[in-house]
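Chain residues, written in single-letter form:
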Amino acid sequence: QEEEFKWLLQEEVHAVLKQLQDILKEASQRFALPASGSGGAVQQENFVLTPTDQVKGVLTLQGDALCQADVNLKMPRNNQLLHFAFREDKQWKLQQIQDARNHVNQAIYLLMNRDVSYQFRTGSEVLKLMDAVMLQLSRARNRLTTPATLTLPEIASSGLAKMFTPALPPDVLVNFYINLNKLCLTVYQLHVLQPSTTKNFKPAGGSVLHNPGAMFEFGSQRYEVSHVHKVECVIPWLNDALVFFTVSLQLCQQLKDKISVFSSYWNYRPY
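Residues numbered from 1 in each chain as written. Predicted model: local features only at pLDDT ≥ 70, side-chain atom pairs only at ≥ 80, totals over all residues. Heavy atoms only, no water.

**Side note on helix 1 (residues 2–30)**
Let me state the cut-off plainly: Under the DSSP-based scheme used, a helix requires at least four consecutive residues in state H or I and a strand at least two consecutive residues in state E, with every element numbered from the N terminus. Take the number of residues in a helix, subtract one, and multiply by 1.5 Å to get its expected span. Consider a residue and the seven residues that end there alongside the seven that start there; fitting an axis to each set, the bend is the angle between those axes.
Taking 1.5 Å of rise per residue, the 29 residues of helix 1 would be expected to cover 42 Å, and the 41 Å separating its terminal C-alpha atoms lies within 8% of that figure. Where helix 1 bends most, at Leu8, the angle is about 40°.

**Quick look at the layout of surface pockets**
The condition that has to hold: Here a cavity means grid points, on a 1 Å grid over the protein atoms only, where a 1.4 Å probe fits yet cannot get out; a pocket means an open set of points with protein on both sides within 12 Å along at least five of seven lines; lining residues are those with an atom within 4 Å of a point. Grid points are joined across faces, edges and corners, and a volume is the space filled by probe spheres set on the points. When residues are sorted by character, Ala, Val, Leu, Ile, Met, Phe, Trp, Tyr, Cys and Pro go into the nonpolar class, Asp, Glu, Lys and Arg into the charged class, and all the rest, Gly among them, into the polar class.
Computed from the structure, the largest pocket encloses a volume of approximately 270 Å³. Looking at the lining of the largest pocket, the elements with two or more residues in it are strand 5 (92–93), helix 2 (95–112), helix 4 (152–157) and strand 7 (172–179). In terms of residue count, the dominant contributor to the lining of the largest pocket is strand 7 (five residues). Across the lining of the largest pocket, the residue classes break down as 10 nonpolar, four polar and three charged.

**Quick look at unusual backbone geometry**
Rule in force here: The cut-offs for exposure are 20% and 50% of the maximum accessible area for each residue type, with area from a 1.4 Å probe on protein chains only; residues under the lower value are buried, those over the upper are exposed, and the others partly exposed.
Here the bond from Thr165 into Pro166 is cis, since omega is -10°, no more than 30 degrees from zero. Its identity as a non-glycine residue notwithstanding, Leu180 has a phi of 60°, on the positive side. The class of Leu180 is partly exposed, set by a relative accessible area of 41%.

**Concerning the packing of helix 1 against helix 3 (residues 123–145)**
Selection rule: Interaxial angle, 0 to 180 degrees, is taken between N-to-C directions of lines fitted to C-alpha atoms, where a helix line uses only the stretch in contact. When describing relative orientation, an angle under 35 degrees is termed roughly parallel and one over 145 degrees roughly antiparallel, while 65 to 115 degrees is termed roughly perpendicular and anything else oblique. The crossing is said to be left-handed when, going from far helix to near helix, the turn is anticlockwise and less than a right angle, and right-handed when the turn is clockwise. Contact criterion: two residues are considered in contact whenever any of their non-hydrogen atoms come within 4.5 Å of each other.
Across the interface, helix 1 lies against helix 3 with an axial gap of 11 Å and an inter-helix angle of 15°. Of the possible angle classes, the one that applies to helix 1 and helix 3 is roughly parallel. Relative to helix 3, helix 1 is oriented so that their crossing is left-handed. Counting all contacts with helix 1, which are made through Phe5, Leu9, Val13, Leu17, Leu20 and Leu24, the residues of helix 3 involved are Gly123, Val126, Leu129, Met130 and Leu137.

**Comments concerning the packing of helix 1 against helix 2**
Between helix 1 and helix 2, the least distance of the axes is 10 Å, while the angle of their chain directions is 155°. By the angle class used here, helix 1 and helix 2 are roughly antiparallel. Judged by the twist between their axes, the crossing of helix 1 over helix 2 is left-handed. On the side of helix 1, the interface is formed by Leu17, Leu20, Gln21, Leu24, Lys25, Ala27 and Ser28, while helix 2 contributes Val104, Asn105, Ala107, Ile108, Leu111 and Met112.

**Some details on the packing of aromatic side chains**
Note the cut-off: Pairing of aromatic side chains requires ring centres within 6.5 Å, counting the rings of Phe and Tyr and the six-membered ring of Trp. Pairs whose planes differ by under 30 degrees are stacked, by over 60 edge-to-face, and all others tilted.
Applying the stated rule across the entire model yields seven aromatic pairs. Note on Tyr118 and Phe120: the rings are 5.2 Å apart at their centroids and 85° apart in plane angle, and the pair reads as edge-to-face. Looking at Tyr118, the relative accessible area reads 31%, which means it is partly exposed. Under the relative-accessibility criterion, Phe120 is labelled buried at 4%.

**Considering the sheet that holds strand 10 (residues 221–234)**
What counts, and what does not: In this analysis, strands are considered paired if DSSP registers two or more bridges between them.
Reading across from one edge, 7-8-10-9 is the order of the four strands in this open sheet, with antiparallel pairing throughout. In the strand order of this sheet, the two ends are held by strand 7 and strand 9 (215–218), each with one partner. In this sheet, adjacent strand axes meet at a mean angle of 40° when their direction is disregarded. Both strand 9 and strand 10 contribute to a ladder of four bridges, which runs antiparallel.

**Re the pattern of salt bridges**
Rules: For this document, the term salt bridge refers to a Lys or Arg side-chain nitrogen within 4 Å of an Asp or Glu carboxyl oxygen.
In the structure shown here, the tally under the stated rule is 10 salt bridges. The shortest N-O distance in the salt bridge between Lys18 and Asp22 comes to 2.9 Å. Of this pair, Lys18 and Asp22 both sit in helix 1, four residues apart, which is roughly one turn of that helix. Among the residues examined, Asp22 registers a relative accessible area of 36% and is labelled partly exposed. With a shortest N-O distance of 2.6 Å, Asp131 and Lys256 are connected by a salt bridge. In this pair, Asp131 is assigned in helix 3 and Lys256 in helix 5 (residues 236–268), connecting sequence segments 125 residues apart.

**Quick word on helix 3**
Its 23 residues give helix 3 an end-to-end C-alpha distance of 32 Å, which sits within 8% of 33 Å, the value for a rise of 1.5 Å per residue. Where helix 3 is concerned, the buried positions are Gly123, Val126, Leu127, Leu129, Met130, Val133, Met134, Gln136, Leu137, Ala140 and Leu144.

**Comments concerning the environment of Leu61**
Mapped onto the elements, Leu61 comes out in strand 2 (residues 55–62). Considering only alpha carbons, one finds Leu61 and Val42, 19 residues apart in sequence, at a separation of 9.6 Å. Residues in contact with Leu61, not counting those within four places in the same chain, are Gln43, Gln44, Glu45, Phe47, Leu66, Cys67, Leu94, Leu183, Ile235 and Trp237.

See below:
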């Protein structure tokens, strides 16, 4: 048993760490950002939003930046067609992608942060490393699977509203976010609540997606959401990255399980 455990610490642990490094470097490259110093521009990719009767559009992604959004919106009230796109000088950073990538790179750093000839002495040392790597991977995955909850005033006051030409009408709000392997666009149509209205005004809290009927105050006006349109497009490389995270987390867990079996054997062996 002791020989086996030694072999596990000296050979197998290093093989698994190497495998994890390779997988995570692949994952990191999926985020399509050139390594620092290589100076290569990231290519732009166009994605067509799954169209609905009300919303059609094309989004252009460049790594973690949305560099163009071209959207047509049909207003249900009067069937008026609105077209708006990002101004030439603007792009919208997708913080979720940036954060996920940073966590992956942090995990890679943890895996590589020792000398080639380094020998692990104890099982607990390996467990500690695996826990640290798994924490970064879980955070990377959570950034993509858990969009931020925002209140309607936060959406209204975000810089996104100022990026379009022609400017968005005051009764339209938009929000972009990542959910798993999809880039989602939500368009809210609003109507102004008159001061004389008898409706009980109850401002909505934070949410990823607000429903019709949600109310909020912005500036000196009170609004209610009348229509919500959600459209999305699949980003294939985000899908790849999520698969790599899952495989890596499984590898970490398997190594932890092996170490734990040996460790419990040492703790309980008869003297």
